[in-house]
Amino acid sequence: ATAALVALAALRAPELIAWQQTQAGVKPGFRGTPTERLGTWIARTLPANAVVMDRQPWELRFYAPSSVKTVAIPYVDDVRTTLGIAYWYGVTHIVPDPARPELTAYLERLGPGVSRLAAPVPVYAIDWSAIPHGDVVLPHQTTDARDDFGAATAADERGASRGS
């Protein structure tokens, strides 16, 4: 019975999709949500070993290539702590979210080590070697997280050693 249902769905997929889009009020020619478009852009643009920090990484994970890792933006008010956690996980790109206004403001300033990419939604590339000293702090610490781990590539080395 399951095989028959799957076969029916496969045969009638275009008709089912059209019906679903009509019922949901989707305009003809609409191609995906912002997250779907971002996933497609990531597949075409970012390196296979990219690590993207996003507020809802599980949704982005569904559309991004399997080689690209996703990390959640933590719920903290201190941008330095957010950056510390991003550094810890080897984040290479950040997708800001209005629910984290401090992080969004930090990224939009385009300070040293931050560059905005031409993506369907705001995406910022992070160069850890250029982020100002003191801007990257792990929770419950007061010194720059990069002091604890040496070179600016320490996050990449940790990520590779943990198999993430």
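Whatever comes next refers back to the structure up there.
Bear in mind the structure is a predicted one, so any value in this text is a computation, not a measurement.

Rules behind the numbers
Residues numbered from 1 in each chain as written. Predicted model: local features only at pLDDT ≥ 70, side-chain atom pairs only at ≥ 80, totals over all residues. Heavy atoms only, no water. Helix = DSSP H or I, 4+ residues; strand = E, 2+ residues; numbered from the N terminus. Buried < 20%, exposed > 50% of the residue type's maximum accessible area, 1.4 Å probe, protein only. Polar contact = N/O pair within 3.5 Å; in protein donor to acceptor, adjacent residues only side chain to side chain. Contact = heavy atoms within 4.5 Å. Pairing = 2+ DSSP bridges.

**What to know about the environment of Pro101**
Reasoning step 1: On the secondary structure map, Pro101 appears in helix α6 (residues 101–108).
Reasoning step 2: Between the C-alpha atoms of Pro101 and Asp77, which are 24 residues apart in sequence, the distance is 8.7 Å.

**Observations concerning the side chain of Thr104**
Reasoning step 1: Structurally, Thr104 can be placed in helix α6.
Reasoning step 2: Judged by relative accessible area, Thr104 falls into the buried class, the value being 13%.
Reasoning step 3: Of the polar contacts made by the side chain of Thr104, one reaches the backbone oxygen of Asp97; its length is 3.1 Å.
Reasoning step 4: If we skip the residues at most four places from it in the chain, Thr104 touches Pro96, Asp97 and Pro98.

**Some points on the environment of Ile73**
Reasoning step 1: With respect to the helices, strands and loops of the structure, Ile73 is situated in the loop between β2 (69–72) and α5 (79–88).
Reasoning step 2: Residue Ile73 is classed as buried on the basis of its relative accessible area, which comes to 4%.
Reasoning step 3: For the pair Ile73 and Met53, spaced 20 residues apart in sequence, the C-alpha to C-alpha distance is 5.8 Å.

**Here we look at the sheet that holds strand β5 (residues 123–126)**
Reasoning step 1: If you walk across this open sheet you meet the five strands as β2-β1-β3-β5-β4, and the pairing is mixed. Edge positions in the sheet fall to β2 and β4 (114–117), since each of these pairs with one other strand and no more.
Reasoning step 2: As paired elements, strand β1 (residues 51–54) and strand β3 (residues 93–94) share two bridges and run parallel to each other. Paired with Val52 across the bridge in β3 is His93.

**A look at the pairing of β5**
Reasoning step 1: Going residue by residue along β5, you find Val123 and Ala125 tucked away on one face and Tyr124 and Ile126 tucked away on the opposite face as well.
Reasoning step 2: Across two bridges, β3 lies against β5 in antiparallel orientation. Bridging across to β5, Ile94 finds its partner in Tyr124.
Reasoning step 3: As paired strands, β4 and β5 are joined by four bridges and run antiparallel to one another. Residue pairing across strands places Arg116 opposite Tyr124, the latter belonging to β5.
Reasoning step 4: Hairpin geometry of β4 and β5 is characterised by an intervening segment of five residues between the two adjacent antiparallel strands.

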